[in-house]
Amino acid sequence: MSKTICLALTGASGMPYGLRLLECLLESGCKVQLLYSQASQVVARQELEFDLPSRPSDAKAALLARYPAVNPENLAVFGREEWFAPVASGSNPPDAMVVCPCSMGTLAAIAQGLADNLIERAADVVLKEGRKLVLVPRETPFSAIHLENMLRLSRAGAVILPPSPGFYHHPQSVQDIVDFIVARVLDQLGVPHTLMQRWGEES
């Protein structure tokens, strides 16, 4: 059976990670429940010149146009206040959730259990139901507040996966660096991929 993954895009820099992860999840046959913040729309435009529409139905159409080879039935897009979305309830949680990129504001809200919007609520559900939550915090340097929030989330069961690429695979492009991080996220989700050669494998 295919996995159901909730993917949230927030307003931190790092949208190439988030959209590449979306592409790889859909190509692998996963069902993706996509959530996105208003700030993420600004970042997508700034970093990728990609307009992510405010209406979920329009956003889905734009993403399917960007990735025409994927199965449209595997992508569901929800609005920030769409409280009847499956991810809002512990009775229908995804198999796992990723916030990529994850802003420090979103990370702090999840750490405090605020659940004031659908992204925060979905993360809260995933934690309380014992499913895997992966956070990709894109900020540097981290303040003591950031680190304390990450420690709190790690103790609650979340995986903190900063986008810190290795260079032992001799990346030749920005895409290679992006794929390194996306590969690490996919490994955490148990989703097979061939994005890069693994350590110890012969080329």
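Residues numbered from 1 in each chain as written. Predicted model: local features only at pLDDT ≥ 70, side-chain atom pairs only at ≥ 80, totals over all residues. Heavy atoms only, no water.

Draft legend 1. The environment of Ala 111, seen in detail. Relative to the assigned elements, Ala 111 resides in helix 4 (residues 104–112). Put simply, Ala 111 and Ala 8 are 103 residues apart on the chain and 16 Å apart in space, counted from C-alpha to C-alpha. If sequence neighbours within four positions are ignored, Ala 111 has contacts with Asn 149, Arg 152 and Leu 153. (Helix = DSSP H or I, 4+ residues; strand = E, 2+ residues; numbered from the N terminus. Contact = heavy atoms within 4.5 Å.)

Draft legend 2. Quick peek at the packing of aromatic side chains. As enumerated under the stated definition, the model contains two aromatic pairs in all. For the pair Tyr 168 and Phe 180, a centre-to-centre distance of 5.8 Å together with 75° between the ring planes defines the contact as edge-to-face. Highlighted residues: Tyr 168 in the loop between strand 6 (159–160) and helix 7 (174–189) and Phe 180 in helix 7, separated in sequence by twelve residues. Classification of Tyr 168 by relative accessible area gives partly exposed; the value is 42%. Ring centres of Tyr 168 and Trp 199 lie 5.0 Å apart, and the angle between their planes is 85°; this geometry places the pair in the edge-to-face category. Of the two residues, Tyr 168 is situated in the loop between strand 6 and helix 7 and Trp 199 in the segment after helix 7; the sequence distance between them amounts to 31 residues. Connected via pairs of aromatic rings, a cluster forms that spans Tyr 168, Phe 180 and Trp 199. Seen from the ring of Phe 50, Arg 66 lies directly overhead, with NZ or CZ sitting 4.9 Å from the centre. Just above the ring of Phe 180 sits the side chain of Arg 184; from NZ or CZ to the centre is 5.2 Å. (Phe/Tyr/Trp six-rings, centres within 6.5 Å; stacked < 30°, edge-to-face > 60°. Buried < 20%, exposed > 50% of the residue type's maximum accessible area, 1.4 Å probe, protein only. Lys NZ or Arg CZ within 6 Å of the ring centre and 35° of its normal.)

Draft legend 3. Layout of helix 6 (residues 144–155). Here helix 6 contains twelve residues, and its C-alpha end-to-end distance of 16 Å stays within 8% of the 16 Å for a straight helix at 1.5 Å per residue. Residues of helix 6 that are buried: His 146, Asn 149, Met 150 and Leu 153. One side of helix 6 holds all its buried residues, which, seen down the axis, span an arc of 100°. Facing away from the buried side of helix 6, by more than 90 degrees, are the exposed residues Ala 144, Glu 148 and Arg 155. Those residues of helix 6 that are buried are in contact with helix 4, helix 5 (118–128), strand 5 (132–137) and strand 6. (Expected span 1.5 Å × (residues − 1). Arc of directions from axis to C-beta.)

Draft legend 4. Spotlight on the packing of helix 1 (residues 15–27) against helix 7. Viewed as axis vectors pointing N to C, helix 1 and helix 7 meet at an angle of 55°, and their least axial separation amounts to 9 Å. Here helix 1 lies oblique to helix 7, going by the angle between them. When the axes of helix 1 and helix 7 are compared, the crossing they make is right-handed. Taking contact as the criterion, the partners of Pro 16, Tyr 17, Arg 20, Leu 21, Cys 24 and Leu 25 in helix 1 are, on helix 7, Gln 175, Ile 177, Val 178, Asp 179, Ile 181, Val 182, Val 185, Leu 186 and Leu 189. (Axes fitted to C-alpha atoms, helices over the stretch in contact; angles between N-to-C directions. Parallel < 35°, antiparallel > 145°, perpendicular 65-115°, else oblique. Left-handed = near helix turned anticlockwise from the far one by under 90°.)

Draft legend 5. Expanded view of the packing of helix 4 against helix 5. Put simply, helix 4 and helix 5 touch, their axes get as near as 9 Å, and they point 45° apart. When the interaxial angle is binned, helix 4 and helix 5 end up oblique. As for the relative orientation of helix 4 and helix 5, their crossing is right-handed in sense. On the side of helix 4, the interface is formed by Thr 106, Ala 109 and Ile 110, while helix 5 contributes Ile 119, Glu 120, Ala 123 and Leu 127. Taken together, the residues of the contact of helix 4 with helix 5 sort by class into five nonpolar, one polar and one charged. (Nonpolar A, V, L, I, M, F, W, Y, C, P; charged D, E, K, R; others polar.)

Draft legend 6. Layout of the sheet that holds strand 3 (residues 75–78). With parallel pairing, six strands are arranged side by side in an open sheet as 3-2-1-4-5-6. Of all the strands in the sheet, just strand 3 and strand 6 have a single pairing partner and so form its edges. With four bridges connecting them, strand 1 (residues 4–9) and strand 4 (residues 96–102) associate as parallel partners. Paired with Ala 8 across the strands is Val 99, a residue of strand 4. In the packing of helix 7 onto the sheet, contacts are made with strand 1, strand 4, strand 5 and strand 6, and the angle to strand 5 comes to roughly 165°. (Pairing = 2+ DSSP bridges.)

Draft legend 7. How the structure looks around the nonpolar core. Counting residues in hydrophobic clusters, the biggest one holds 44 residues, and the most contacted among them are Leu 22 and Val 98. With sequence-adjacent residues up to four places away left out, Val 98 is seen in contact with Ile 5, Cys 6, Leu 7, Ala 8, Leu 21, Val 134, Val 136, Val 185 and Leu 189. In this structure, Ala 8, Phe 78, Met 150 and Leu 153 belong to the second largest nonpolar core, which totals 25 residues. (Core = buried A, V, L, I, M, F, W, Y, C linked by side-chain atoms within 4.5 Å.)

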